[in-house]
Amino acid sequence: MPHSVASEGSSTSHKDDEVLPDAPSATANPGISVPHGEDTPEKETAGVKLEDLFNDEDDDDHEFPASSAPTEVEMGTTDAMKPLPIQVDTDTMLAFYQRLFPFRYLFQWLNHGIVPSPDFGNREFALTLQNDAYLRYQSYPTADLFRKDILRMNPSRFEIGPVYNRNPRDRKTLGSGQLKPLSKELVFDIDLTDYDDIRSCCEKANICGKCWVFVTMAIKVVDAALRQDFGFQHILWVYSGRRGAHAWVCDPRARNLPDDRRRAIAGYLDLVRGGTQSGKRVNLKRPLHPHMNRSLEILKPHFVQTTLIDQDTFVGPEQAQRLLSLLPDKDLNEALRRKWDSAPGRSSTSKWDDINALAKTRKSSTLNTSTLRDAKQDIILEYTYPRLDSEVSKKMIHLLKSPFVIHPGTGRVCVPIDVRNVEQFDPLSVPNVSQLLSEIDTWDAEHPSGATTETTECEGSVPNDSDARGSRRLQDYEKTSLKPYIDYFRSFIAGLLKEERTGKRERSDETREVKTESMEF
Amino acid sequence: MIRQEFHRIDPKRRANLNYKKQQFATPSFKQQDYPHRLNFYDIPPTAEITLEQFEQWAIDRLKILAEIEACSYRNKTPDETKTHITPLLQKFLPLSSNTSSRTGAVDPRLKERQKDHYSHFILRLAFSATEDLRRRFARAETMLFRFRFQEVDSRERRAFIEGLSLDWESVSEEERQELADNLVTATPGLRRAAEESWYKVDWEKVPELIERRSVFLSKGKAYVPEREQLSMIIAEFTTRLERALELTSRALPRLDEDDRLSPILNHLSKNFGSAESVYSEGEGFVDGAPITASSIDHLSQHFPLCMRSLHTTLRKNNHLKHYGRLQYTLFLKGIGLSLEECILFWRQSFKGFTDDEFNSRYKYNIRHSYGDVGGDVNRRGRGYPPYSCQKILNDSNPGVGQTHGCPYRHYSAENLIGLLQSTGVHDKDVLRGVREDVEKTRYHIACNRVFEWAHKAEIKRAKEDGSASAIDLDTIVHPNTYFKRSYLLKQAGKSQRNP
């Protein structure tokens, strides 16, 4: 294994300065971090690599399965476009894994129970190491081994793949075609880059509160469809760390869907088709399908607020021209064009109102009201309906970034989004890793009693440990602003496990309890 | 001394087993009586047939399947396929309905159905060996089944479906009234919910309808009108067939030592041809053409529209998205651009990237396409074959900002015409023809129309001097064929002008 050699080299160097996690303040801006002697050249190269990695990150949400090309990169990430890169250095990363990453809960989530099962053991993980090497087909029998290996490798991020019929680590010993994916959560990926042609505020990897609303809308629409139409209940939405969101549908029925059924769902939800050259991209038949009707109702207020007011999408002549090309009536278009040409800079809201106002005055013409209404509905959908990266959803073997890892570019944690309060979610205030580490320090400073023992132990991310000994000690994550997110994740898992358990027999429950006790010693 | 008793039977079982009789007893299977014209092929045939029948029946069925497959590759509409297939079916694999009059002593229908049944299972054996064959077989069989299902009259259809015992829950009157609005809006071409009787099934059973969003869906149940039965039946047929093929493939090794059937089966599976991969390696290479990274710009005048638009986009943006790169790289590979030259070509085209960026992000993909890296299979197969029109047409639509695919299919009519005009196609008749073709979803015809227009002088000359046979004048169904033919025609034209 050539990769492990490389990583071992780096991990030993971390062990040398294992004390560093206590001093996270220096890690926030590694450029200034004090270079000590021989470390300097190494640090510099690491910096360059991380930057590369960060570029690559532009596309982190489009991981391709091994069968197709490995990574895909968005077009033209010219340097001017890039926001100032925030690099997360290896020590900070390691400290995060040691103290904050909820390994045990991630395990329970994927294992669908407490006793280690093939659901977890045969699950593929893919690690992206600090040197950009990409390790696929990793698997771990238990949460502890999982944690140990992640600490050893200290990956900059890792992804979750499907559960296979055999242990994916053994794939070389199996004949070709022997290793088959059995199940994976049904996943969806929303990425703001797909909205570049309709958002005026930011481009590429940048986001702001204004354009995040597009993701909020998408989450609402997709979530409603998955719950009401398909009857799924356990849907976990996760912020992807920069400018998108992922959905993990964890119902057993969803996990076991074969690829063609996944494709069917993706097709059901997919609406805005066609590339830049396709002209009118939404052409729905009437009457509207109930799903479309519901989506339209959800999206209408957003269209008014976001597209017309916040983004002011149609203010420029080019976009206004595009709007006109989507309207059905030539006479009306001509009138509108004349009006808008005479008043450059007319706001989108006024333009949108003009359409109706002018249409009314020209009743005699060929235009009938229903075609205009339909066209306007199509426009609303084209400018607001979720743009999913459907390739991600179609294939079981597609890998998707795990929740709670750190986005290497922004340093933010990929936290779950509580869909009930999706409106309140602000991606820009999601805790970032250095902030979290300093929060622990602040807390420890304010509560000196328990602090000393904990910092040396670094066992923060393993729950239950302290409970078992009877003395309730706060875990590190509870001292930080990550707490509400992990609490939400826990409640999500609890709901999922409850459903899993009802399917199993009473007896297996008993054995499970015996085993958990035995695991404690 | 040890006496070996080879035929010794476990004493416990001896009482009810007479091995002598058992060995020579003729197996008594239930003879199938084929009550329906359609068959789900759940029960394998058991009666004896001769080897000649075995082979003949299989070949007859194979002819049908190959034709069906060919129709789908040529993008024929269901109606065209029907007119094409019907006479062939009559000839090779007739199946008369229950209502047809019986003649002669032995019911001919029984014979026909037996042949249908047996030939299906023979081909199952022949095509279960590899994943690829299984998939193609299942697809062709499904198309055949769909075709036949549509032919049958409704009474026979109903009888057949009842015989299948599928777990469909019918929707009660109250529920139907409650959901009437949703049912009507969700199901295209329906005015009142009361017109139909409705079934409630798990949505997984009707993926086609879900994907097209043409059925009402609530809490994981799809509300399917009776006339959409087809979709459900077909889905059921396909799943059962796929599962059965999987099982057959596992049983296949047991046939290894059989020297009567194996050769026939092998022969059959080879004869299924590889219509899908119409492109064989090296086919698109043009001898003597200087194909290097720097000549691509010049050669791009011979490219089909799909590649040409990729090329223009690349030159305009100095970048292409992943699928665009893939489609274009494979095409370039197909015209004979070497790996080194190809890497050079992309490197030069991606202005604004440093060497490091280029190497870390793009180089691997290019090498992967050439089979230079990647898994064993990929390397042995020298990467993927260049995409055929079929693949380009049917693969996923280009999304926002993507430029791959077939312009005839994926562009709106206005943009398509604009693109054509920008490549020098101004002839009004041609443009009108293209517009009509595209409306009828005959994309390859449109593409060929443009080709014929652009090369009409050369084609005419080639026909006159008889070299037309050398340059095949079939319909083009592969971008690389387009290039090769275009290039050769123009070269021939040139050499004639300046001998």
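Parameters and conventions
- Residues numbered from 1 in each chain as written.
- Chains lettered and ligands numbered in written order.
- Predicted model: local features only at pLDDT ≥ 70, side-chain atom pairs only at ≥ 80, totals over all residues.
- Helix = DSSP H or I, 4+ residues; strand = E, 2+ residues; numbered from the N terminus.
- Buried ≥ 20, exposed ≤ 12 C-beta atoms within 10 Å, placed from the backbone.
- Contact = placed C-beta atoms within 7 Å.
- Pairing = 2+ DSSP bridges.
- Core = buried A, V, L, I, M, F, W, Y, C linked by C-beta atoms within 7 Å.
- Axes fitted to C-alpha atoms, helices over the stretch in contact; angles between N-to-C directions.
- pLDDT = per-residue confidence, 0-100.
- Parallel < 35°, antiparallel > 145°, perpendicular 65-115°, else oblique.
- Nonpolar A, V, L, I, M, F, W, Y, C, P; charged D, E, K, R; others polar.
- Arc of directions from axis to C-beta.
- Expected span 1.5 Å × (residues − 1).
- Bend = angle between axes of the 7 residues up to and from the residue.
- Left-handed = near helix turned anticlockwise from the far one by under 90°.

Caption draft 1: Layout of the overall build of chain A. When helices and strands are counted, chain A shows 20 helices and nine strands. Per-residue burial for chain A yields a buried fraction of 44% across its 521 residues. Contacts in chain A between residues far apart in sequence, at least 24 positions, make up 72% of those at least 6 positions apart.

Caption draft 2: Fine view of the overall build of chain B. From N to C terminus, chain B includes 24 helices and four strands. Here the analysis covers contacts within chain B between residues at least 6 apart in sequence; of these, 68% occur between residues at least 24 apart.

Caption draft 3: How the structure looks around the pairing of strand β3 (residues 157-164) of chain A. All names here are of chain A. Burial analysis of β3 places seven of its eight residues in the buried class, the great majority of the element. Sheet analysis places β3 next to strand β8 (residues 400-401), joined by two bridges and oriented antiparallel. In the sheet register, Glu159 faces β8, and the bridge partner there is Lys401.

Caption draft 4: Highlighting the nonpolar core. Ranked by size, the top nonpolar core spans 147 residues in total, and within it Val222 and Val249 of chain A together with Ile210, Val215, Ala222 and Val224 of chain B carry the most contacts. A total of 11 residues in this core trace back to one element, the largest contributor, which is helix α7 (residues 209-229) of chain A. Residue contacts for Val249 of chain A: discarding those within four places in its chain leaves Glu185, Leu186, Leu226, Phe232, His234, Ile235 and Ala254 of chain A. Core analysis: the next-biggest nonpolar cluster, separate from the first, contains 45 residues, Phe303, Tyr323, Ile335 and Tyr411 of chain B among them.

Caption draft 5: Highlighting the sheet that holds strand β5 (residues 186-191) of chain A. Residues and elements named next belong to chain A. With respect to topology, four strands assemble into an open sheet ordered β5-β7-β6-β9, the strand pairing being antiparallel. What marks the edges here is a single partner per strand, and that holds for β5 and β9 (416-417). Judged from the two bridges that link them, strand β6 (residues 235-239) and β9 form a sheet pairing that is antiparallel. Counterpart to Val238 in the pairing with β9 is Pro416. Against the sheet, α7 contacts β5, β6 and β7 (244-249), and its axis sits at roughly 15 degrees relative to β7.

Caption draft 6: Just the pairing of strand β1 (residues 123-128) of chain A, in detail. Residues and elements named next belong to chain A. Most of β1 sits inside the fold, with six of its six residues counted as buried. Side-chain alternation along β1 places Arg123, Phe125 and Leu127 on one buried face and Glu124, Ala126 and Thr128 on a second face that is also buried. Note: β1 against β3, five bridges, orientation antiparallel. Bridging across to β3, Thr128 finds its partner in Arg157. Where β1 meets strand β2 (residues 134-138), three bridges bridge the pair, whose relative direction is antiparallel. Across the sheet, the residue bridging to Thr128 is Tyr134, located in β2.

Caption draft 7: Local environment of the confidence of the model for chain A. Of all residues in chain A, 73% have pLDDT values of 70 or greater, and the mean over the chain is 77. Under a pLDDT of 50 for its full length, residues 451-470 of chain A has, in the predicted model, 28 contacts with residues more than four places off or in other chains.

Caption draft 8: A look at the packing of helix α10 (residues 290-310) of chain A against helix α14 (residues 369-384) of chain A. Residue and element names in this part refer to chain A. At a minimum axis distance of 9 Å, the contact between α10 and α14 shows a crossing angle of 75 degrees. As the angle between them shows, α10 and α14 are arranged roughly perpendicular. Across the interface between the two elements, Leu296, Leu299, Lys300, His302, Phe303 and Thr307 of α10 pack against Gln377, Ile380, Leu381, Tyr383 and Thr384 of α14. Tallied by class, residues from the contact of α10 with α14 come to six nonpolar, four polar and one charged.

Caption draft 9: The arrangement of helix α15 (residues 339-349) of chain B in detail. Residue and element names in this part refer to chain B. Within α15 the residues assigned to the buried category are Cys342, Ile343, Phe345, Trp346 and Ser349. Burial along α15 is one-sided: seen end-on, the buried residues are contained in an arc of 155 degrees. Counted as exposed and oriented over 90 degrees from the buried face of α15: Glu340 and Gln348. Contact partners of the buried residues in α15: α12 (296-299), α13 (305-317), α14 (322-334) and α16 (355-369).

Caption draft 10: Summary view of helix α8 (residues 173-186) of chain B. Here α8 of chain B spans 18 Å end to end across 14 residues, near enough to the 20 Å set by a 1.5 Å rise per residue. The sharpest bend along α8 of chain B measures roughly 70 degrees and falls at Leu179 of chain B.

Caption draft 11: Layout of the sheet that holds strand β3 (residues 216-218) of chain B. Residue and element names in this part refer to chain B. Reading across from one edge, β1-β2-β4-β3 is the order of the four strands in this open sheet, with antiparallel pairing throughout. The open sheet has two edge strands with one neighbour each: β1 (169-170) and β3. Two elements, strand β2 (residues 198-202) and strand β4 (residues 221-225), share five bridges in a ladder whose sense is antiparallel. Bridge pairing links Tyr199 to Val224 in β4.

Caption draft 12: How the structure looks around the packing of helix α6 (residues 131-151) of chain B against helix α10 (residues 229-251) of chain B. Residue and element names in this part refer to chain B. Contact geometry of α6 with α10 gives a least axis separation of 10 Å together with a crossing angle of 145 degrees. Relative to α10, α6 is oriented so that their crossing is right-handed. Residue-level inspection shows Arg134, Phe137, Ala138, Glu141, Thr142, Phe145, Arg146 and Phe149 of α6 in contact with α10, the latter providing Leu230, Ile233, Ile234, Phe237, Thr238, Leu241, Glu242, Leu245 and Ser249. Classifying every residue of the contact of α6 with α10 gives 10 nonpolar, three polar and four charged.

Caption draft 13: Structural detail: unusual backbone geometry. Residues and elements named next belong to chain A. That bond from Arg286 to Pro287 is cis: its omega, -5 degrees, falls within 30 degrees of zero. Summarising the element assignment, Pro287 is placed in the loop between α9 (259-269) and α10. One non-glycine residue with positive phi stands out, namely Tyr137, at about 55 degrees. Taking the number of C-beta atoms within 10 Å as the measure of exposure, Tyr137 has 17 and is therefore partly exposed. The phi angle at Phe404 is positive, at roughly 75 degrees, despite the residue not being glycine. By secondary structure assignment, the location of Phe404 is in the loop between β8 and β9.

Caption draft 14: The environment of Tyr134 of chain A, seen in detail. Positionally, Tyr134 of chain A belongs in strand β2. For Tyr134 of chain A and Arg157 of chain A, which are 23 residues apart along the polypeptide, the C-alpha to C-alpha distance reads 10.0 Å.

Caption draft 15: Expanded view of the environment of Leu127 of chain A. Considering the arrangement of structural elements, one finds Leu127 of chain A in strand β1. Measuring from C-alpha to C-alpha, the distance between Leu127 of chain A and Met153 of chain A comes to 8.4 Å, with 26 residues separating the pair along the chain.

Caption draft 16: Quick look at the environment of Thr361 of chain A. For Thr361 of chain A, the position within the fold is in helix α13 (residues 348-361). The spacing of Thr361 of chain A and Leu332 of chain A is 29 residues in sequence and 10.0 Å in space, taken between C-alpha atoms.

Caption draft 17: Structural context of the confidence of the model for chain B. Residues and elements named next belong to chain B. Mean pLDDT for chain B: 80, with 84% of residues reaching 70 or above. Within chain B, β3 carries the highest mean pLDDT (91), whereas helix α1 (residues 11-14) carries the lowest (56). Note that residues 274-278 has pLDDT below 50 and, in this model, seven contacts with residues that lie over four places away or in other chains. Confidence estimates for the predicted assembly give a pTM of 0.65 and an ipTM of 0.71.

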